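Residue-level listing of the chains:
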Amino acid sequence: QVQLVESGGGLVQAGGSLRLSCAASGSFFSINVMAWYRQAPGNQRELVAGITSGAPTTYADSVKGRFTISRDNAKNTVYLQMNSLKPEDTAVYYCYVRGVLLRTVVMNDYWGQGTQVTVSS
């Protein structure tokens, strides 16, 4: 059983900062991708930032220079440090993991329940 537990969302004024965390529980053999997506009302879910094993980190153009994604492999946890927040960053933020569980050979995708980030102007 895999669970992604997110925390750190909330309400912040424009220019402020928040740090999101996502801990992946479960018996993983390997985790290949850890990422954050977001979805604002009326919009499609979009990639915010991602870490893929053996590849450079990826950021949406709209968050480059403001957001930083990091990963603690020992804890199977991914973080998203969000600075200089803007009202347009308001969305539900979802944690995403792609990995292989022990005793399986199948790569699966897992999603967190989402955490609300609201930036007031």
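Scoring rules and cut-offs
- Residues numbered from 1 in each chain as written.
- Predicted model: local features only at pLDDT ≥ 70, side-chain atom pairs only at ≥ 80, totals over all residues.
- Heavy atoms only, no water.
- Disulfide = S-S within 2.5 Å.
- Helix = DSSP H or I, 4+ residues; strand = E, 2+ residues; numbered from the N terminus.
- Buried < 20%, exposed > 50% of the residue type's maximum accessible area, 1.4 Å probe, protein only.
- Polar contact = N/O pair within 3.5 Å; in protein donor to acceptor, adjacent residues only side chain to side chain.
- Contact = heavy atoms within 4.5 Å.

Asks: How would you sum up the state of the cysteines? Please name residues and give values.
Replies: In this structure the tally under the stated criterion is 1 disulfide. The residue that forms a disulfide with C22 is C95, at a sulfur-sulfur distance of 2.1 Å. Sign of the S-S torsion, about -80° for the bond between C22 and C95, identifies this disulfide as left-handed. Here C22, found in strand β3 (residues 18–25), pairs with C95, found in strand β9 (residues 91–101); they are 73 residues apart in sequence, far enough to count as distant. Looking at C22, the relative accessible area reads 0%, which means it is buried. Take C95: its relative accessible area is 0%, and that puts it in the buried class.

Asks: Got a sec to walk through the side chain of R66? Specific residues and values, please.
Replies: Examined against the element boundaries, R66 turns out to sit in the loop between β6 (58–59) and β7 (67–72). Classification of R66 as buried rests on a relative accessible area of 10%. Of note is the side chain of R66, whose polar atom sits 2.8 Å from the backbone oxygen of S62. The residues touching R66, leaving out its near neighbours within four places in the chain, are Q81, M82, N83, S84, L85, K86 and D89.

Note that all results are geometric; they support no functional claim without further evidence.
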